[in-house]
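Descriptive analysis of the structure
Letter by letter, the chains look like this.
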Amino acid sequence: KAGVTQTPRYLIKTRGQQVTLSCSPISGHRSVSWYQQTPGQGLQFLFEYFSETQRNKGNFPGRFSGRQFSNSRSEMNVSTLELGDSALYLCASYPGGGSTETQYFGPGTRLLVL
Amino acid sequence: SQKIEQNSEALNIQEGKTATLTCNYTNYSPAYLQWYRQDPGRGPVFLLLIRENEKEKRKERLKVTFDTTLKQSLFHITASQPADSATYLCALDSPYGNNRLAFGKGNQVVVIP
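The present account deals with the structure reproduced in this document. Here, residues in each chain are numbered from 1, in the same order as that chain's written sequence. Chain A is the first chain written and ligand 1 is the first ligand written, with later ones labelled in order. Reporting of local features is limited, given that this is a predicted model, to residues whose pLDDT is at least 70; pairs of side-chain atoms are given and counted only at 80 or more, and all residues count toward the totals for whole chains, interfaces and linings. Based on all heavy atoms of the structure, the side-chain values leave hydrogens and waters out of the count.

Structural notes on the sheet that holds strand 3 (residues 19-24) of chain A
All names here are of chain A. Here, strands pair whenever DSSP counts at least two bridges between them. We count a stretch as a helix when DSSP gives it H or I for four or more residues in a row; a strand needs E for two or more, and each element gets its number in order from the N terminus. Ordered by their spatial adjacency, four strands build an open sheet running 1-3-8-7, and the pairing between neighbours is antiparallel. Two strands lie at the open edges of the sheet, namely strand 1 (5-7) and strand 7 (64-68), each paired on one side alone. Within the sheet, the average angular offset between the axes of one strand and its neighbour, ignoring direction, is 20°. Pairing geometry for strand 7 and strand 8 (residues 74-78), over five bridges, is antiparallel. Bridging across to strand 8, R67 finds its partner in E75. To obtain each axis, a line is fitted to C-alpha atoms, and for helices this fit is confined to the stretch in contact; angles are then taken between N-to-C directions over 0 to 180 degrees.

Here it is as structure tokens:
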């Protein structure tokens, strides 16, 4: 099976702009989680989607939003970008049935905000 | 609030020796704990999961222990190889909801040939 894919891999934006990142999960996986990774804070949970519904949400401002489509592909959007949003954004997919399932991470999207 | 601590200093170890990493947590009793490996510029890769009622788990050259009294997990790489050089992250199920992992910041391992 193909792994989790994320596009784009790299992105440079300026403050105030908005950005949309995409994640295609492993075929058959219905859950997608998004994480932000920075050197200072490490990996932090953004949100989780299961069958097109947001099931969990982390402690991020409303500028961070996401959605999931019927084919389980997911997008996350960050509006009004700030310098502090520069990070590696990772998505992880898993079948979606239980809380102890292995999460399979994509390679991430490296976002740089200037 | 929940806190997960991993050593911020890189662990430099000679090839063939056993690398041991520590993950300490406070203010929470997780039902399970996971360990991931992350290489530079890549996403984390799942290695092992250990549940609260398990003391030890092994997979090839990897061994994980889970002490819920000490609130600590130890991660061992035996007969370490240069290819084991990476950052290793521990993750706990979060008290905030299902399928939500809380990660430590990771501990870098450098295996010296």
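Past the structure itself, the notes keep going.
Here's the deal with unusual backbone geometry
Note that the residue after T7 of chain A, namely P8 of chain A, is joined by a cis bond; omega there is -10°. We note that N27 of chain B has phi near 60°; this positive angle belongs to a residue other than glycine. Looking at the element boundaries, N27 of chain B is found in the loop between strand 3 (19-26) and strand 4 (32-38). Relative accessible area serves as the criterion here: at 58%, N27 of chain B is assigned to the exposed category. For K71 of chain B, which is not a glycine, the phi torsion comes out positive at approximately 60°. Mapped onto the secondary structure, K71 of chain B falls in the loop between strand 7 (62-67) and strand 8 (72-77). Think of it in three bands: with a 1.4 Å probe and only protein chains considered, a residue is buried below 20% of the maximum accessible area for its type, exposed above 50%, and partly exposed in between.

Notes on the pairing of strand 6 (residues 53-57) of chain A
Residues and elements named next belong to chain A. Where strand 5 (residues 42-50) meets strand 6, four bridges bridge the pair, whose relative direction is antiparallel. When the sheet's bridge partners are listed, F47 is paired in strand 6 with K57. Hairpin connection from strand 5 to strand 6: two residues lie between these consecutive antiparallel strands, with S51 at a positive phi of about 50°.

Observations concerning the interface of chain B and chain A
Only heavy atoms enter the contact rule, under which two residues are in contact if any of them lie within 4.5 Å. At the interface, 20 residues of chain B touch 27 residues of chain A. The term salt bridge refers to a side-chain nitrogen of Lys or Arg lying within 4 Å of a carboxyl oxygen of Asp or Glu. The tally of links between chain B and chain A comes to zero salt bridges. N or O atoms within 3.5 Å of each other form a polar contact, as long as, within protein, one can give a hydrogen and the other can take it, and as long as residues adjacent in sequence are counted only when both atoms are side-chain atoms. The tally of links between chain B and chain A comes to three residue pairs in polar contact (both at pLDDT 80 or more). Mapped onto the side of chain B that touches chain A, the elements with two or more residues apiece are strand 4, strand 5 (45-51) and strand 10 (101-103) of chain B.

Remarks on the side chain of R37 of chain B
All names here are of chain B. Along the polypeptide, R37 turns up in strand 4. Using a relative accessible area of 18% as the deciding quantity, one classes R37 as buried. At 3.4 Å, the side chain of R37 forms a polar contact with the backbone oxygen of S85.

Observations concerning the sheet that holds strand 8 of chain B
Within a sheet, neighbouring strands are paired by backbone hydrogen bonds and run either parallel or antiparallel to one another. Residue and element names in this part refer to chain B. If you walk across this open sheet you meet the five strands as 1-3-8-7-6, and the pairing is antiparallel. Here the strands that pair on one side only, and so sit at the sheet edges, are strand 1 (3-6) and strand 6 (56-59). With direction set aside, neighbouring strand axes in the sheet form an average angle of 15°. In terms of strand pairing, strand 7 meets strand 8 through six bridges, oriented antiparallel. Its bridge partner lying in strand 8, D67 is registered against Q72.

Brief notes about the pairing of strand 4 (residues 31-38) of chain A
All names here are of chain A. Across the eight residues of strand 4, eight count as buried, placing the element largely inside the fold. Of the two faces of strand 4, the one lined by S31, S33, Y35 and Q37 and the one lined by V32, W34, Q36 and T38 are each fully buried. What sits between strand 4 and strand 5 in their antiparallel hairpin is a turn of three residues. Summarising the sheet, strand 4 and strand 9 (residues 87-94) pair through seven bridges and their orientation is antiparallel. Opposite Q36, over in strand 9, you have Y89 as the bridge partner.

Observations concerning the state of the cysteines
Cysteine sulfurs are considered disulfide-paired once they come within 2.5 Å of each other. Enumeration according to the criterion identifies two disulfides over all chains in this entry. Note on cysteine connectivity: C23 of chain A is disulfide-linked to C91 of chain A, with sulfurs 1.9 Å apart. Torsion about the S-S bond of the C23 of chain A and C91 of chain A cystine: about 70°, corresponding to right-handed handedness. Residue C23 of chain A is found in strand 3, and its partner C91 of chain A is found in strand 9; the two are separated by 68 residues along the sequence. Taking relative accessible area as the criterion, C23 of chain A reaches 0% and is therefore assigned buried. Put simply, C23 of chain B and C90 of chain B are joined by a disulfide, and their sulfur atoms are 2.0 Å apart. As the torsion about the S-S bond is roughly 60°, the C23 of chain B-C90 of chain B disulfide counts as right-handed. Within this pair, whereas C23 of chain B is found in strand 3, its partner C90 of chain B is found in strand 9 (residues 86-93), the two being separated by 67 residues in sequence.

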